[in-house]
Amino acid sequence: MGLVRCPDCNHQISDRAPACIHCGRPMEVGPAAGPPADAPPPPPSRRSGPSTLSVAGGLLLAGGLVCLPADRPKLALAGLGAGLVLSAVGALWSWVRR
Ligand SMILES: [Zn+2]
């Protein structure tokens, strides 16, 4: 059994399903049933913690950058600082655990 991607809702469904189980779109069953889902799912990462930290740092950094021109310079600077620290810690952590 293989998986194909629904062209309407982009969810992965069985290539034998007569219709998408997510949005109900009727599927063509047969050899030419849309693009094959070759890409295997990404393996579960054991380093989800540090990368999450980096993502949070990047978000804070972006938030600080967005807030910078606004009338909240202290908030923006706090976000920038926290984002920098979190990104640095996350990068350092993933480098150490490599
Ligand atoms: Zn669908």
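Residues numbered from 1 in each chain as written. Predicted model: local features only at pLDDT ≥ 70, side-chain atom pairs only at ≥ 80, totals over all residues.

### Considerations on the overall build of the chain
In terms of regular secondary structure, the chain is built from two helices and two strands. Reading the secondary structure of the chain in the N-to-C direction produces β-β-α-α. Across the chain, the fraction of contacts at a sequence separation of at least 24, relative to all contacts at a separation of at least 6, is 38%. (Helix = DSSP H or I, 4+ residues; strand = E, 2+ residues; numbered from the N terminus. Contact = placed C-beta atoms within 7 Å.)

### Let's talk about the environment of Val55
Inspection of the secondary structure puts Val55 in helix H1 (residues 48-67). Expressed as a C-alpha distance, the spacing of Val55 and Leu86, which sit 31 residues apart in the sequence, is 8.6 Å.

### Observations concerning the confidence of the model for the chain
It should be kept in mind that the predicted coordinates are not to be read in detail where pLDDT is low. On average, residues of the chain score 78 in pLDDT, and 79% of them are at 70 or above. For the chain, per-element mean pLDDT is lowest for H1, which scores 72, and highest for strand S2 (residues 12-14), which scores 93. (pLDDT = per-residue confidence, 0-100.)

### Quick notes on helix H2 (residues 73-96)
Between its terminal C-alpha atoms H2 stretches 34 Å, which fits the 34 Å expected from 24 residues at 1.5 Å a residue. What H2 keeps buried is the set Gly79, Gly83, Leu86 and Gly90. (Expected span 1.5 Å × (residues − 1). Buried ≥ 20, exposed ≤ 12 C-beta atoms within 10 Å, placed from the backbone.)

### Remarks on unusual backbone geometry
Non-glycine residue Asn10 carries a positive phi angle of around 70 degrees. Looking at the secondary structure, you find Asn10 in the loop between strand S1 (3-5) and S2. Asn10 gets classed as exposed once you count the C-beta atoms within 10 Å, which come to 10.

### With respect to the environment of Leu65
For Leu65, the position within the fold is in helix H1. The class of Leu65 is partly exposed, set by 13 C-beta atoms lying within 10 Å. Linking Leu65 and Leu77, residues twelve residues apart in sequence, is a C-alpha distance of 8.5 Å.

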